[in-house]
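Per-entry structural report
What follows is the residue order along each chain.
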Amino acid sequence: MHCTRKVNDNLIWVGADDRRLACFEGVYGVPDGVSYNSYLLLDEKTVLFDTVDKAVFEVFFENVAHALGGRKLDYLVISHMEPDHAATIEGLLLRYPEARILCNVKAKGMLSQFFLTDYSDRIDLVKEGDVFSAGTHELSFFMAPMVHWPEVMMTYDRTGKTLFSADAFGTFGALNGRLFADEADFFTENLGEARRYYTNIVGKYGPQVQAALKKAAALDIAVVCPLHGFVWRKDFGSYLEKYQLWSTYTPEENSVMLAYASVYGHTENAANILAAMLCERGVKVRMYDTSVTPASYIVSDAFRCSHLVFAATTYNNGVFVTMENLLHDIAAHNLQNRKVAVIENGSWAPASGKLMRELIAPMKNIEFLADNITLKSALAAGQEGALAALADLIAADIGAGA
């Protein structure tokens, strides 16, 4: 049975929620599920914007058929060829053999990579600035390469002042009946998952996001329709401000993200003492055990916070594995413009501090605030002073930044 919602009189959401997916892209846990958004424009021509993941194909095809109401499908716009949006293209085109495809040349190449069927005779290629008329609605196309694949394309409906933004402005989490961001308490309940989505999926490509935002700034936008998460019809500027911060690697807040890797609790103890000292000095701390919390949450708060502290034991003459993996992940997501402190531990040959610095140092505009604090097995008498000095330094620096 269908489950659709109107975006407006001419545009219908025909996507679906997936609450059974454990890991998005096989990496990022999605305890609240995820939505796959597809939109059908009803004009003189019917135009479908993207398809969905194969996991929800049945309800998707029911939704499309219901929304069409017996009409044929004239066009499919392909914004992004990642399978969570493109896996059901083949099934759609079998069901609607007269439908033509609007896509760019890079998406056309990927179609032949994902599907054995040759769709060349059904493709109408579009390029930057091209305009397509569906009747009363005029659609223009602009390219957004590497946000976050090279073929990504956004579409602007001039008539409805609607931006179909591909993966930009998306968020993790099922919609649960709510289509619009203003139907949820977004900035209280959903911003964390929006941040985790952006930083982990798109975060590496800040310059490319900035380029796309500059193109969008020239448009008169009333509605934003992403491929995951809520549709925006009001207060979009507040969300856009977050994208400006994230895509320029600017901290959202003057605070500390403290991540530690501890085997028997001694490194954890030092991290706890430092966290308490920071809080006593009025500094907000977001603290994580890298062996417990999935890296995607820690990466998200690394983008959020101005100051980062990493504390890890030495393990097999290297950095304890969960911390090493986290630092590789943070570096891979191109994080920049942060101030960092390091605490190391090792019972006979402490080496994790030096190695952590080597992983962090290549990131752009990274400033180490102090020398490493070195533990040998456990915090020694008098070493609370070193932690207190680090807490003073961070608090003073945050106060100056504020």
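Think of each chain on its own: its residues are numbered from 1, step by step along the sequence as written. Note on the predicted model: pLDDT of at least 70 is required for a residue's local features to be given, and 80 or more for side-chain atom pairs to be given and counted; whole-chain, interface and lining totals, by contrast, use all residues. Working from all heavy atoms in the structure, the side-chain values ignore hydrogens and water.

Side note on empty space enclosed by the protein
- A cavity here means a set of points on a 1 Å grid, drawn over the protein atoms and nothing else, where a 1.4 Å probe fits but cannot get out; a pocket is an open set with protein on both sides within 12 Å along at least five of seven lines, and a residue lines either one if it has an atom within 4 Å of a point. Grid points are joined across faces, edges and corners, and a volume is the space filled by probe spheres set on the points. For the structure shown, the criterion picks out one cavity of 30 Å³ or more.
- In this structure, the largest cavity occupies an estimated 50 Å³ of space.
- Ranked by residue count, the leading element in the lining of the largest cavity is helix 6 (residues 206-216), at four residues.
- The nonpolar class holds Ala, Val, Leu, Ile, Met, Phe, Trp, Tyr, Cys and Pro. Asp, Glu, Lys and Arg form the charged class, and all remaining residues, Gly among them, are polar. For the lining of the largest cavity, the residue count by class is nine nonpolar, no polar and no charged. Helix and strand assignments follow DSSP, with helices taken as H or I runs no shorter than four residues and strands as E runs no shorter than two, numbered in order from the N terminus.

Quick word on the layout of surface pockets
- The computed volume of the largest pocket comes to approximately 350 Å³.
- Along the wall of the largest pocket there are 18 residues; nearest its centre are Thr313, Thr314, Gly346, Ser347 and Trp348.
- For the lining of the largest pocket, the secondary-structure elements that each account for two or more residues are helix 8 (266-280) and strand 19 (305-315).
- Take the lining of the largest pocket: its biggest share by element is three residues, from strand 19.
- A breakdown of the residues in the lining of the largest pocket according to their chemical character gives six nonpolar, twelve polar and no charged.
- By volume, the second largest pocket amounts to about 180 Å³.
- Around the second largest pocket, the lining comprises 13 residues; the ones closest to its centre are Cys3, Trp13, Ala16, Asp17 and Gly177.
- Secondary structure elements with two or more residues in the lining of the second largest pocket: strand 3 (16-18) and helix 1 (57-68).
- Of the residues that constitute the lining of the second largest pocket, the class distribution is six nonpolar, three polar and four charged.

Brief notes about helix 5 (residues 186-202)
- With 17 residues, helix 5 ought to run about 24 Å at 1.5 Å a step, yet its terminal C-alpha atoms sit only 20 Å apart, falling short of that.
- A residue's bend is the angle separating two fitted axes: one through the seven residues that end there, the other through the seven that start there. The largest bend along helix 5 measures about 30° and falls at Gly192.
- Burial analysis of helix 5 places 13 of its 17 residues in the buried class, which makes it a mostly covered element. For a helix, the expected span equals 1.5 Å multiplied by the number of residues minus one. Per-residue accessibility, obtained with a 1.4 Å probe over protein chains only, is compared with the maximum for each type, and a residue is labelled buried under 20%, exposed over 50%, and partly exposed between these values.

A word on the environment of Gly129
- If you trace the backbone, Gly129 turns up in the loop between strand 11 (123-125) and strand 12 (131-133).
- Gly129 sits in the partly exposed class, given a relative accessible area of 48%.

Overview of the packing of aromatic side chains
- Pairs were defined over the aromatic rings of Phe, Tyr and Trp, the Trp ring being its six-membered one, requiring ring centres within 6.5 Å. Orientation was assigned from the angle between planes: stacked under 30 degrees, edge-to-face over 60, tilted for the rest. Inspection of every chain in the model, using the stated rule, returns 26 aromatic pairs.
- Relative to Tyr239, the ring of Trp232 lies with its centre 4.8 Å away and its plane at 20°, an arrangement referred to as stacked. Grouping residues by exposure puts Trp232 and Tyr239 together as buried.
- Consider the rings of Tyr249 and Phe303, whose centres lie 5.9 Å apart with planes at 45°: the pair is tilted.

Description of the sheet that holds strand 12
- Criterion used throughout: strands pair if DSSP finds at least two bridges between them. Pairing within the open sheet is mixed, and its five strands lie in the order 12-13-14-15-16. Each of the sheet's edge strands pairs with one partner strand only, and the pair in question is strand 12 and strand 16 (223-225). Shown here is a sheet whose adjacent strand axes are inclined to one another by a mean of 20°, direction ignored.
- With three bridges connecting them, strand 12 and strand 13 (residues 138-143) associate as antiparallel partners. Counterpart to Val131 in the pairing with strand 13 is Ser140. Geometry is summarised by axes, namely lines fitted to C-alpha atoms with helices restricted to the contacting stretch, and by angles between N-to-C directions that run from 0 to 180 degrees.

So, unusual backbone geometry
- The amide bond that connects Val147 to the next residue, His148, takes the cis arrangement and shows omega of 10°.
- Even without being a glycine, Ala166 presents a positive backbone phi close to 55°.
- Inspection of the secondary structure puts Ala166 in the loop between strand 15 (162-164) and helix 5.
- The backbone phi angle of Asn316 is positive, close to 50°, even though this residue is not glycine.
- If you trace the backbone, Asn316 turns up in the loop between strand 19 and strand 20 (318-319).

A short note on the environment of Phe169
- On the secondary structure map, Phe169 appears in the loop between strand 15 and helix 5.
- Residue Phe169 is classed as buried on the basis of its relative accessible area of 4%.
- As for Phe169 and Thr250, which are separated by 81 residues in sequence, their C-alpha atoms are 17 Å apart.

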